[in-house]
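A look at the structure
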Amino acid sequence: MWRLHRAAVTCEVCQSLVKQSPGMKGSSPLQKLHLVSRSIYHSRHPTLKFQRPHLRTSLQQFSSLTNLPLRKLKLSPVKYGYQPHRNFWPARLAARLLKLRYLILGSAVGGGYTAKKTFDQWKDMIPDLSDYKWIVPDIVWEIDEYIDFEKIRKALPNSEDFAKLAPDLDKIVESLSLLKDFFTAGSPGETAFRATDHGSESDKPYKKVSDKEKIDQLQEELLHTQLKYQRILERLEKENKELRKLVLQKDDKGIHHRKLKKSLIDMYSEVLDVLSDYDASYNTQDHLPRVVVVGDQSAGKTSVLEMIAQARIFPRGSGEMMTRSPVKVTLSEGPHHVALFKDSSREFDLTKEEDLAALRHEIELRMRKNVKEGCTVSPETISLNVKGPGLQRMVLVDLPGVINTVTSGMAPDTKETIFSISKAYMQNPNAIILCIQDGSVDAERSIVTDLVSQMDPHGRRTIFVLTKVDLAEKNVASPSRIQQIIEGKLFPMKALGYFAVVTGKGNSSESIEAIREYEEEFFQNSKLLKTSMLKAHQVTTRNLSLAVSDCFWKMVRESVEQQADSFKATRFNLETEWKNNYPRLRELDRNELFEKAKNEILDEVISLSQVTPKHWEEILQQSLWERVSTHVIENIYLPAAQTMNSGTFNTTVDIKLKQWTDKQLPNKAVEVAWETLQGEFARFMTEPKGKEHDDIFDKLKEAVKEESIKRHKWNDFAEDSLRVIQHNALEDRSISDKQQWDAAIYFMEEALQARLRDTENAIENMIGPDWKKRWLYWKNRTQEQCVHNETKNELEKMLKCNEEHPAYLASDEITTVRKNLESRGVEVDPSLIKDTWHQVYRRHFLKTALNHCNLCRRGFYYYQRHFVDSELECNDVVLFWRIQRMLTITANTLRQQLTNTEVRRLEKNVKEVLEDFAEDSEKKVKLLTGKRVQLAEDLKKVREIQEKLDAFIEALHQEK
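Let us look at the structure shown here. Just so we're clear, the structure is a prediction, and the values are computed from it rather than from any experiment.

A closer look at the overall build of the protein
Across its full length, the protein carries 34 helices and nine strands. By the burial criterion, 44% of the 960 residues in the protein qualify as buried. Partitioning the intrachain contacts of the protein with sequence separation of at least 6 by distance along the chain shows that 82% fall at a separation of at least 24. As displayed, the protein offers around 53,200 Å² of accessible surface, 51% of which is attributable to carbon and sulfur atoms.

See the structure below:
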């Protein structure tokens, strides 16, 4: 029995190889047992050399160390002694006769006992893998939807049939053992004795091994077991990724189009996009989770994000601020590795370097476009979706790096702006803060840790990431300092989890796969893992992405329904407010109001074509005369009328009319026509439409009118054609009938009377109120007005003496007037006398011209005779007839240009302006304002958010 007990003890090497299979009957294969168990009663045997198998344990935590070679442990060879050869032939004979029985008995008893003991030990050492259920992708648990396992199970044979088909391994092993023993050199007895002695001596070296060596050996065994277990997991994950890729590719072809039409993370990202545009009013805040990535400048934020996204998607720079505005990256799974922006349909293939370069350039352009002039960073968010096989589903927001000092070229408020942007994202109580800390610099120099500690003092939603650990391990004198940093002992910052990653060798051209291999190789040889400063699940960006994704979805499931209820309450409040304030109006948001205003404006532009030709010509003729009347009276009529005879009068008029027509008149006419068109357009745009008028469109219509007028330019050829027409009209002097003559006189009288009224007003302002106003309204003259009044009276006396006085005063006349005033105690200046004379003579001349015009009413007969043998000459009436005819012809020509060309061109400009305004959201917000618009906008957005949240929650429950 002592031999049986000794064999059971010495066969511990074999025990690790014995396993029980629930589908097999009988004992374990005999060939897997050690030779000692087959020679229990043989105390002497020749020297037998063997390698004691290495006992491994599978207790580990999850890690992602891959592609690492397994290194076998080298144990010191055990020396076995020799016994002298003894020729006891009875013993050898007994051994041959009883060999089979001892083999069966020893194997059954010793092997069975040790096998059960080893199995129990291994069962206790196997970790509980239920905690790592989240590592396996979701599709593995849903694979039964695609593969009918029940049908496969029924097709397979049961355990009893399979046992019948399988060969009898016990018999095969027994036969091989007998053959091996018979053909072994030497006697079996000697072999058995030597094996027994070998087992007895093999226990001696293990008693001398120290506890420290055992601990080191067990740690190394544990690390290699973790690596082996990790390879199995990665192989399964790789197979799972390929399977999911095939499923998604089939879905692209429409096989499962209804079920997988839109992924869960894409639905959630759309909710966040709508929330980013929502003005947080009515005490409703955006508390939906997202992963906020913060860190000091050049701490490695972008590199960590690129490792998680598995592509070089962000612009890079050496020490330069590259992230100038927040970038929201939505990671989701898909059959192809692509990226696309929210507002664009172009897909960037992330497996092609040219597409990657184009994507980085586009992100940089969008950032610079968001940054306003005079600023360095912008709070406007760029939304980017990245899809690919094996990507963890989550939403990350990359923020500008926190800086300590504003350098040259930056706006003075850059530091404060970055802090405000970071706080705005981190103050969300459900936001996961991914705090990036550069491990290659002193922890005391970090700024972001203090900021994160302020926003999350208890560390309930913060994940701390230490980057550039390879540089830290090389440069830091004390490796334990890294452990203190990763555990948050060097600064007062608490975190939900701590991770250490390596983001490459600092070469921007490194591929993601190369960085990953370098990271795994570093941590395999790093002292941080070997000395247990870091756990295997705390290293590599892959473990980081798994942990962040798990935390993200946990936070989403806990908070999304609460947010949906909050928006339902907000929607009820907004709907109640709308019913109470605007009960008879539809809930039109800003875009819908713009479309309604656009239709009204286009209808009003079309109304311009319905204006009658008579109305156009009357407005044009009146406006043109108001513009040119001053020039006609002051520069043409008055200088010509002050000449001595009719010949000089006509000559002066012809010269001045020719000069006026060649240079100023056509341009003035086009200006008048354009102003007339603007006036009519503005009248149609702004005049009230009765009860249907909505003043909410007034600012928009005014802006459209101004912008359309600014863009409109009159046809350049209009002036040239108009010049010829006006020149021909002014050259005609033939008045055909009495009616035209009377019309010219009436036109002349109106023009002169208007000038006379202007002159009377100028004189009144110059001399002050008359006696009547002074007595009735208690007004007095100023000293200057009194001087002007005395001068006027003196000049009128001179005109009464000589009514044919020319337009200018002679120097001796000025002296006479001055001396006469000085004699009455009035001091005057010669320039004051001239100014007063101009108005006094102008009034005298206009009154004389009106009297002459009245005499010319009966002068048509003399005109037909060319004023021969007549003292009455009415050349001034002919002049005004020529001006009147020119105005009529010009108005008719401009009206034709307006109705045939310019109105259509203006309508085209209005359409272009409306299209531009429709694409400019800022312009619409500025022009369509008010409580009614804002309330409709909020109501629409809250409804949209609630609908998307409800759809997301439903899909989330279905996924569970």
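A look at the side chain of Glu306
Relative to the assigned elements, Glu306 resides in helix H11 (residues 301–309). Side-chain polar atoms of Glu306 contact the backbone nitrogen of Ile313, separated by 3.3 Å. Those residues in contact with Glu306 that lie beyond four places of it in its chain are Ala311, Arg312, Ile313, Phe314, Arg316 and Ile512.

Some remarks on the packing of helix H21 (residues 613–641) against helix H30 (residues 830–855)
Two elements in contact, H21 and H30, have axes separated by 12 Å at closest approach and are oriented at 80°. For the element pair H21 / H30, the angle class is roughly perpendicular. Residue-level contacts link Glu634, Tyr637, Leu638 and Ala641 of H21 to Arg842, Phe845 and Ala849 of H30. Partitioning the contact of H21 with H30 into residue classes produces five nonpolar, no polar and two charged.

Quick word on the sheet that holds strand E7 (residues 432–438)
With respect to topology, nine strands assemble into an open sheet ordered E4-E3-E5-E2-E6-E1-E7-E8-E9, the strand pairing being mixed. Lying at the two open borders of the sheet, with one neighbouring strand each, are strand E4 (348–349) and strand E9 (497–500). Relative to strand E6 (residues 394–398), strand E1 (residues 291–295) is paired through three bridges, and the arrangement is parallel. Within the sheet, the bridge partner assigned to Val291 lies in E6 and is Leu396. Helix-sheet contacts for helix H12 (residues 353–370) involve strand E2 (327–333), strand E3 (338–341), E4 and strand E5 (382–388), and the interaxial angle to E5 is about 160°.

Points about the pairing of E6
Counting buried positions along E6 gives five out of five residues, so the element sits mostly inside the fold. Of the two faces of E6, the one lined by Met394, Leu396 and Asp398 and the one lined by Val395 and Val397 are each fully buried.

Some details on the environment of Leu906
Among the secondary structure elements, Leu906 is positioned in helix H32 (residues 875–919). Assessed through its relative accessible area of 1%, Leu906 is described here as buried. A sequence separation of 301 residues divides Leu906 from Val605, and the C-alpha atoms of the two residues are 8.1 Å apart.

Quick word on the nonpolar core
Formed by 100 residues in total, the largest nonpolar core has its most connected members in Tyr637, Trp660, Trp741, Ile883 and Val910. The residues touching Val910, leaving out its near neighbours within four places in the chain, are Ile601, Leu602, Val605, Phe681, Val704 and Ser708. Residues Met267, Val291, Leu384 and Cys551 belong to the second largest nonpolar core, which totals 67 residues.

Comments concerning the pairing of E3
On E3, burial covers both faces: Val338 and Leu340 on one face and Ala339 and Phe341 on the other are all buried. Bridging between E3 and E4 involves two bridges; their strand directions are antiparallel. Paired with Val338 across the strands is Asp349, a residue of E4. Adjacent in sequence and paired antiparallel, E3 and E4 are bridged by six residues. Bridge count between E3 and E5: four bridges; the pairing is antiparallel. Residue pairing for E5: Ala339 is matched across the bridge by Val386.

So, a negative patch on the surface
A cluster of acidic side chains, namely Glu380, Glu912, Glu915, Glu919, Asp920 and Glu922, defines a negative patch on the protein surface. Element by element, the count of residues in the negative patch is highest for H32, at three residues. Within the secondary structure, Glu380 is located in the loop between H12 and E5. By relative accessible area, which is 36% here, Glu380 ends up partly exposed.

A few points about the packing of aromatic side chains
The description of an aromatic ring pair uses the distance of the two centres, along with the angle that the planes make with each other. Tallied over the entire structure, the rule returns 16 aromatic pairs. Summarising the aromatic geometry, the rings of Tyr637 and Phe880 are spaced 5.4 Å apart at their centres and angled 65° between planes, so their arrangement reads as edge-to-face. Residue Tyr637 is located in helix H21, and its partner Phe880 is located in helix H32; the two are separated by 243 residues in the primary sequence. Tyr637 sits in the buried class, given a relative accessible area of 1%.

Considerations on the pattern of salt bridges
Within this structure, the stated rule accounts for 42 salt bridges. A salt bridge links Asp720 to Arg723, with the nearest nitrogen and oxygen atoms 3.3 Å apart. Pair noted here: Asp720 and Arg723 are both in helix H25 (residues 717–731), with a separation of three residues, about one helical turn. The salt bridge involving Glu794 is made with Arg824; its shortest N-O contact spans 3.2 Å. Of this pair, Glu794 sits in helix H28 (residues 783–801) while Arg824 sits in the loop between helix H29 (811–823) and H30, and the two are 30 residues apart along the sequence. For Glu794, a relative accessible area of 9% translates into the label buried. Arg824 gets classed as partly exposed once you look at its relative accessible area, which sits at 40%. When salt bridges that share partners are traced, they join Arg571, Glu575, Glu587 and Arg943 into one network.

Considerations on the packing of helix H10 (residues 264–276) against helix H19 (residues 541–581)
At a minimum axis distance of 13 Å, the contact between H10 and H19 shows a crossing angle of 50°. As the angle between them shows, H10 and H19 are arranged oblique. Classified by chirality, the crossing of H19 by H10 is left-handed. Contacts between H10 and H19 involve Leu264, Ile265, Tyr268 and Leu275 from the first element and Phe552, Trp553, Val556 and Phe567 from the second. Tallied by class, residues from the contact of H10 with H19 come to eight nonpolar, no polar and no charged.

Digging into the state of the cysteines
Within this structure, the stated rule accounts for one disulfide. A sulfur-sulfur separation of 2.1 Å characterises the disulfide bridge that pairs Cys856 with Cys874. On the sign convention where negative is left-handed, the bridge of Cys856 and Cys874, at about -100° about the S-S bond, is left-handed. One end of the pair, Cys856, is in the loop between H30 and helix H31 (860–864); the other, Cys874, is in the loop between H31 and H32, with 18 residues separating them in the sequence.

Here's the deal with H28
In a regular helix each residue adds 1.5 Å, so 19 residues correspond to 27 Å; H28 covers 28 Å between its end C-alpha atoms and thus fits that length. Residues of H28 that are buried make contact with helix H26 (738–767), H29 and H30.

A word on unusual backbone geometry
In the Ramachandran plot, Lys468 falls in the positive-phi region, its phi being about 55° despite a non-glycine side chain. Secondary-structure assignment places Lys468 in the loop between strand E8 (462–467) and helix H15 (469–475). On the basis of relative accessibility, which here comes to 21%, the residue Lys468 falls in the partly exposed class. Phi is positive for Thr540, which is not a glycine, with a value near 75°. Inspection of the secondary structure assignment puts Thr540 in the loop between helix H18 (527–530) and H19. The exposure class assigned to Thr540 is buried, which follows from its relative accessible area of 1%.

Section: a nonpolar patch on the surface
On the surface, Trp771, Trp775, Leu776 and Tyr777 cluster together into a nonpolar patch covering about 620 Å² of accessible area. Positionally, Trp775 belongs in helix H27 (residues 771–777). Judged by relative accessible area, Trp775 falls into the exposed class, the value being 69%.

Points about the environment of Pro429
Along the chain, the position of Pro429 falls in the loop between helix H13 (414–426) and E7. Spatially, the C-alpha atoms of Pro429 and Arg460 are 9.8 Å apart, while their sequence positions differ by 31 residues. What Pro429 contacts, discounting residues up to four positions off in sequence, is His287 and Arg461.

Concerning the side chain of Glu519
Its location among the elements puts Glu519 in helix H17 (residues 512–525). Within the structure, Glu519 has its side chain in polar contact with the backbone nitrogen of Val502 (distance 3.1 Å). The residues touching Glu519, leaving out its near neighbours within four places in the chain, are Met307, Val501, Val502, Thr540 and Thr541.

Here is what the cut-offs are and how they apply
Residues numbered from 1 in each chain as written. Predicted model: local features only at pLDDT ≥ 70, side-chain atom pairs only at ≥ 80, totals over all residues. Heavy atoms only, no water. Helix = DSSP H or I, 4+ residues; strand = E, 2+ residues; numbered from the N terminus. Buried < 20%, exposed > 50% of the residue type's maximum accessible area, 1.4 Å probe, protein only. Contact = heavy atoms within 4.5 Å. Areas by Shrake-Rupley, 256 points an atom, 1.4 Å probe, with all protein chains shown as cover. Polar contact = N/O pair within 3.5 Å; in protein donor to acceptor, adjacent residues only side chain to side chain. Axes fitted to C-alpha atoms, helices over the stretch in contact; angles between N-to-C directions. Parallel < 35°, antiparallel > 145°, perpendicular 65-115°, else oblique. Nonpolar A, V, L, I, M, F, W, Y, C, P; charged D, E, K, R; others polar. Pairing = 2+ DSSP bridges. Core = buried A, V, L, I, M, F, W, Y, C linked by side-chain atoms within 4.5 Å. Patch = residues over 30% accessible without salt bridge, like charges linked within 9 Å, V, L, I, M, F, W, Y side chains within 5 Å. Salt bridge = Lys/Arg side-chain N within 4 Å of Asp/Glu carboxyl O. Lys, Arg positive; Asp, Glu negative; His and termini not counted. Charge placed at Lys NZ, Arg CZ, Asp CG, Glu CD. Phe/Tyr/Trp six-rings, centres within 6.5 Å; stacked < 30°, edge-to-face > 60°. Left-handed = near helix turned anticlockwise from the far one by under 90°. Disulfide = S-S within 2.5 Å. Expected span 1.5 Å × (residues − 1).

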